[in-house]
Amino acid sequence: MSAFLLQHPGAGWLALLGVLVPVAIHLWNRRPARLVQVGSLRWLSTAANRRMRSLKLEQLLLLLLRAAVVLVLALALADPARQTPPPPRRGQVLLSPDLLRSSSLTAVRTTVDSLRKQGYELRQLAPGLPRLSLATWRRFDSLATATTTPAAFEPSSDNLWARVQQAADSLPERSLRVFTLATQRSFRGTRPALPAAVRWQVVPLSDSSTWLQAAYQVGPDSLRLLLGASNEAATTFRTATVATPSSSGALRVAGLPSLRYEARSGGAVLRLANGHAVPVQAVAFRLAIYHDAAHAQDATYLRAALRAASLGLPTSPLLTVSSTPPTTSQPLDWLFWLSDAPVPAAWQTRVKQGLHLWREASAVGTPTTATLAYQSAQPIRLLRRDTLGSSHPTTTLWSDGLGQPVLTRVTQGQGATYHLHTRLHPAWSELGSSAELPTLLLPLLQPEASTVADLPQDRRTLAPSQVFAVSQTPALAPKRTNTAPEPTTNNLRAWAVALAALLFGLERWLARRRVAPISSTTV
């Protein structure tokens, strides 16, 4: 209920003394004397004395109006206000868009419906936190129930750490129930410190976690497929060999949704159920590492990591390591330029034609204590890094725990330039000696697949404990905050002044009406 209060009561009480003014005026105000004949002067003194002895309140309505004007003005000086209690803070259910499009939504449908009946609002965990109407929620629910193919899953490109932090800041002091998929690729950067009112539940993928990473033609009648699979621990790859279809048509592979083989003049492709196409590569990758004397140890680490990563490829790449720059006529898919010397213009031109060029930090670098933001048992420490920027739009592939880029990519034509903002040398980082480096390099060796933004290459799931460590244990109810919501205060001073003006106008009208004309008599 609304409550009225005086924000400056002292000034109002002092102004109330002004009520005495109209009362005094009425008590001491005398009416104009009547004109009488000279012969009656003996009665004038007696009448005047009688009037002075009987001071009476006259024109009571006029007195009340004048007193009301003073009272209302005193109220205005006291700064009256009306307090309206705030509306109840409703709890919020936040659903990530990728969960809404996945058949995993059925796992939390009952919980979400129960919270909605308790008064919780449904929102998408997306920019602006848009509300979900009941009709929209039922439509997503029906789609999730009807979805049976893994192709319906589309990974989210949003950073859920930052999005939930934004929701906690935008909806303070409210109970937030967050439901997201457990895919690691949706959690980037450092974990924020979320309030205890946030209860986060990660939902495992009910869809198949096996996907087609790449395809190779290994003979006139055989296709070798690279299949990836993810779980909470790691991403693993295996190969499968199938017969090459004689013409375009369906291709059946165990563990995968339906594929379609399409023979084209420029090269065959495998069409996925979600519309994406994986090209069939006819030859193995050709890799070359060039290094100078200062980068010899970097080259040793990189060669070992590339050889380990090649075990996950259907065909072993052709790798050459040399301290002599390769000739520009040499056919290469990857060139790892480990030198502070500038890359020849001829090789930079080849990037637009499909070459992938790798460069390390060439500056002295600045010390850092960050670690690579990668889910591994042992953190990968970074000791030095450069701050070299790029004049072209870059894509951050690896980042550290502070959100700074570690590996960036600039797409140029059909190829790309990769810049490692540190080095593999032990004085710069622990990347070279890390057992995770081959796993980090493996997705980069598939340029055709990695350029398709929606093709899931890494569908590892996040361990629930890594989320609950930030947002408290989910089994406990959120703690109530001591800060009560502020009521809404509406100032009424303007209304009081307007009322005083109205009463004053009414008083002036009534006063003019009551003034009677003075009649005179002749002596």
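Here, every reference points to the structure presented above.
Scope of this entry: the structure provided in the associated data block. Everything numeric in this text was worked out from a predicted model, so none of it was measured.

### Concerning the overall build of the protein
Part 1: A count of helical and extended segments in the protein gives 14 helices and 23 strands.
Part 2: For the protein, the proportion of its 523 residues judged to be buried stands at 41%.
Part 3: Within the protein, contacts between residues at least 6 apart in sequence are counted, and of these 66% link residues at least 24 apart.
Part 4: Accessible surface, the protein: about 28300 Å² in total, of which carbon and sulfur atoms supply 57%.

### Observations regarding the environment of L440
Part 1: Relative to the assigned elements, L440 resides in helix α11 (residues 437-441).
Part 2: Residue L440 is classed as buried on the basis of its relative accessible area, which comes to 8%.

### Digging into the pattern of salt bridges
Part 1: Summed over all chains, the structure comprises 11 salt bridges.
Part 2: For D400, the salt bridge identified is with R385, shortest N-O distance 3.8 Å. Linking D400 in the loop between β20 (395-399) and β21 (405-412) with R385 in strand β19 (residues 384-385), this pair joins segments that are 15 residues apart in sequence. R385 matches D400 in its accessibility class, with the two residues each being buried.
Part 3: Linked through salt bridges whose partners overlap, the residues forming this network are R90, E121, R123 and R131.

### Considering the side chain of S339
Part 1: Checked against the element boundaries, S339 lands in the loop between β16 (334-338) and α10 (345-351).
Part 2: A distance of 3.1 Å separates a polar side-chain atom of S339 from the backbone nitrogen of A341.
Part 3: S339 has contacts with Y290, D292, H295 and R359, leaving out every residue within four places of it along the chain.

### Focus: the sheet that holds strand β6 (residues 198-203)
Part 1: An order of β4-β3-β5-β6 is seen for the 4 strands of this open sheet, with the pairing classed as parallel. Looking along the sheet, the strands with just one partner apiece sit at the ends: β4 (121-124) and β6. The average undirected angle you get between the axes of adjacent strands in this sheet is 20 degrees.
Part 2: With 6 bridges connecting them, strand β5 (residues 176-181) and β6 associate as parallel partners. Within β6, the residue paired with F179 across the bridge is Q201.

### Focus on unusual backbone geometry
Part 1: One non-glycine residue, L129, adopts positive backbone phi at about 50 degrees.
Part 2: Residue placement: L129 occurs in the loop between β4 and α7 (134-146).
Part 3: Residue L129 is classed as buried on the basis of its relative accessible area of 5%.
Part 4: Residue E173 is not a glycine yet carries a positive backbone phi of 55 degrees.

### Comments concerning the pairing of β20
Walk down a regular strand and you will see the side chains alternate between the two sheet faces.
Part 1: In the sheet, β20 pairs with β21 via 4 bridges, with the strands oriented antiparallel. Its bridge partner lying in β21, T396 is registered against T408.

Criteria and cut-off values
- Residues numbered from 1 in each chain as written.
- Predicted model: local features only at pLDDT ≥ 70, side-chain atom pairs only at ≥ 80, totals over all residues.
- Heavy atoms only, no water.
- Helix = DSSP H or I, 4+ residues; strand = E, 2+ residues; numbered from the N terminus.
- Buried < 20%, exposed > 50% of the residue type's maximum accessible area, 1.4 Å probe, protein only.
- Contact = heavy atoms within 4.5 Å.
- Areas by Shrake-Rupley, 256 points an atom, 1.4 Å probe, with all protein chains shown as cover.
- Salt bridge = Lys/Arg side-chain N within 4 Å of Asp/Glu carboxyl O.
- Polar contact = N/O pair within 3.5 Å; in protein donor to acceptor, adjacent residues only side chain to side chain.
- Pairing = 2+ DSSP bridges.
- Axes fitted to C-alpha atoms, helices over the stretch in contact; angles between N-to-C directions.

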